[in-house]
Amino acid sequence: MTHTVLVVDDDPEIRDVVHIFLRNEGLRVFEAEDGLEALELLKREVVDLIILDVMMPNLDGIKACFKIRETMNIPIIMLSAKGEDIDKITGLTTGADDYVAKPFNPLELMARVKAQLRRIKLAGDGVGQSQTGESVIEIGDLIIDKSRHIVTVRGKEVSLTPIEFSILELMATHRGHVFNVEKIYQSVWKEEKFLTDNTIMVHIRNIREKIEDNPREPRYIKTVWGVGYKVE
C-alpha cells in the first residue's frame, strides 16, 4: 500500500525538494502552503503522515498541530528554522511526534519519515504486542487497549499521540522493566537512536501530564535516576 504524506510549508522551494525525495521513496504527496490550507485538505483526503513547518502565515504550524490533534492521531514531523531545545520542546508538546531543524539533510528527513511509517505498519500488523497476546492492560485506574489504541484513566479517555501511545504501551507491556532512552527509541521507532535524550524526556513528560494526577509525583511512569523509565 502506498502511503500518503502531506508537506506543509510556505516556502515552495522546500516543498519541491521534500516532494521530490518523498516521490523517489514511492510515496504519494500532497502540498499546502499554510496551516489553513492543510486543515482544508485533511477534510478531503486521507493522509498517513504530515511534515509541518512551524513559521507560516495565516495559521502557523504550532496552532495547526493543535487543531489536527483535536481529531487526528496521524504522525506529525515538525520542520522549523528554530533549532533551540525550547523550540523543539514547544513543537513536541503541541503533539508532534518528531522535530527536524532547518537547514536539514533531506536524507535524514526521509529516514525519519520512513521510521514513522514503519511504526504505523508494525502497529497495524500487531507487532510489539506482549508474548501472552494481551490486548488490554490494566494498571490501577489506567487501562490501555492496544487493539483499539485507546487509553483511559478512571474511565475517561485520554488523547495520546501515536508516539506517546507507543511509548506507554511498550513500558506497560513490560511492567517493572527499566528502559533507557536508547532502548525506548529503538523499540518504538525501530531505528538506531538519532534523537536527543531531551526528546524522549519531553514525550515522557507529555504522557505524564495526560495520565497522572500529579505529574511531579507520578504513579504510573517512574524515573529510575541515571538509568531510564519504567511503568509499575
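Rules used in this analysis
Residues numbered from 1 in each chain as written. Predicted model: local features only at pLDDT ≥ 70, side-chain atom pairs only at ≥ 80, totals over all residues. Heavy atoms only, no water. Buried < 20%, exposed > 50% of the residue type's maximum accessible area, 1.4 Å probe, protein only. Helix = DSSP H or I, 4+ residues; strand = E, 2+ residues; numbered from the N terminus. Polar contact = N/O pair within 3.5 Å; in protein donor to acceptor, adjacent residues only side chain to side chain. Pairing = 2+ DSSP bridges. Right-handed = clockwise from strand over helix to strand, strands pointing away. Core = buried A, V, L, I, M, F, W, Y, C linked by side-chain atoms within 4.5 Å. Contact = heavy atoms within 4.5 Å. Arc of directions from axis to C-beta. Axes fitted to C-alpha atoms, helices over the stretch in contact; angles between N-to-C directions. pLDDT = per-residue confidence, 0-100. Parallel < 35°, antiparallel > 145°, perpendicular 65-115°, else oblique. Left-handed = near helix turned anticlockwise from the far one by under 90°.

Here we look at helix H7 (residues 181-189)
Along H7, the residues that are buried comprise Val 181, Ile 184, Tyr 185, Ser 187, Val 188 and Trp 189. The opening residue of H7 is Asn 180, an N-cap whose side-chain oxygen sits 3.2 Å from the backbone nitrogen of Glu 182.

Some remarks on the pairing of strand S1 (residues 4-8)
Most of S1 sits inside the fold, with 5 of its 5 residues counted as buried. Both faces of S1 are covered, namely the face carrying Thr 4, Leu 6 and Val 8 and the face carrying Val 5 and Val 7. Looking at chain direction, S1 and strand S2 (residues 28-32) are connected through 5 bridges and run parallel. Bridge pairing links Val 8 to Ala 32 in S2. Read as a crossover between parallel neighbours, the route from S1 over helix H1 (residues 12-24) to S2 is right-handed. Here S1 runs beside strand S3 (residues 49-53); their pairing, made up of 4 bridges, is parallel. Across the sheet, the residue bridging to Leu 6 is Ile 50, located in S3.

Structural notes on the nonpolar core
Within the largest apolar cluster, 30 residues are counted, with the highest numbers of intra-cluster contacts made by Leu 168, Ile 211 and Ile 221. Among the elements of the structure, strand S6 (136-139), strand S7 (142-145), strand S8 (150-153), helix H6 (162-173), H7, helix H8 (197-211) and strand S11 (228-231) are those that each provide at least two residues to this core. In this structure, Ile 221 is in contact with Leu 168, Met 171, Ile 204, Ile 207, Arg 208, Ile 211, Glu 212, Tyr 229, Lys 230 and Val 231, ignoring residues within four places of it in sequence.

Some remarks on helix H2 (residues 35-44)
Taken together, the buried positions of H2 are occupied by Gly 35, Ala 38, Leu 39, Leu 41 and Leu 42. Buried residues in H2, looked at end-on, bunch into an arc of 165 degrees, giving them a common side. Structural note: H2 exposes Lys 43 and Arg 44 on the side pointing more than 90 degrees away from its buried face. Those residues of H2 that are buried are in contact with S1, S2, S3 and helix H3 (61-69). Where H2 begins, the side chain of Asp 34 points an oxygen toward the backbone nitrogen of Leu 36, at a separation of 3.1 Å.

Here we look at the sheet that holds strand S9 (residues 156-158)
Across the sheet, which stays open at both edges, the 4 strands sit in the order S6-S7-S8-S9 with antiparallel pairing between neighbours. Edge positions in the sheet fall to S6 and S9, since each of these pairs with one other strand and no more. Taking each pair of neighbouring strands and ignoring which way they run, the sheet shows an average axis angle of 25 degrees. With 4 bridges connecting them, S7 and S8 associate as antiparallel partners. Counted as the bridge partner of Ile 143 is Thr 152 from S8. With respect to the sheet, H6 is in contact with S6, S7 and S8, its orientation differing from that of S7 by roughly 105 degrees.

A closer look at the confidence of the model for the chain
In this model, the chain carries a mean pLDDT of 86, and residues with pLDDT of at least 70 account for 88%. Ignoring residues within four places in sequence, the model shows residues 126-132, a span with pLDDT below 50, making 5 contacts including any to other chains.

Concerning the packing of H2 against H3
In the contact formed by H2 and H3, the axes pass within 9 Å of each other and the chain directions differ by 20 degrees. With respect to their mutual orientation, H2 and H3 come out roughly parallel. Seen along the crossing, H2 lies across H3 with a hand that is right-handed. Counted together, Gly 35, Leu 39 and Leu 42 of H2 and Ala 64, Lys 67 and Ile 68 of H3 form the full contact between these two elements.

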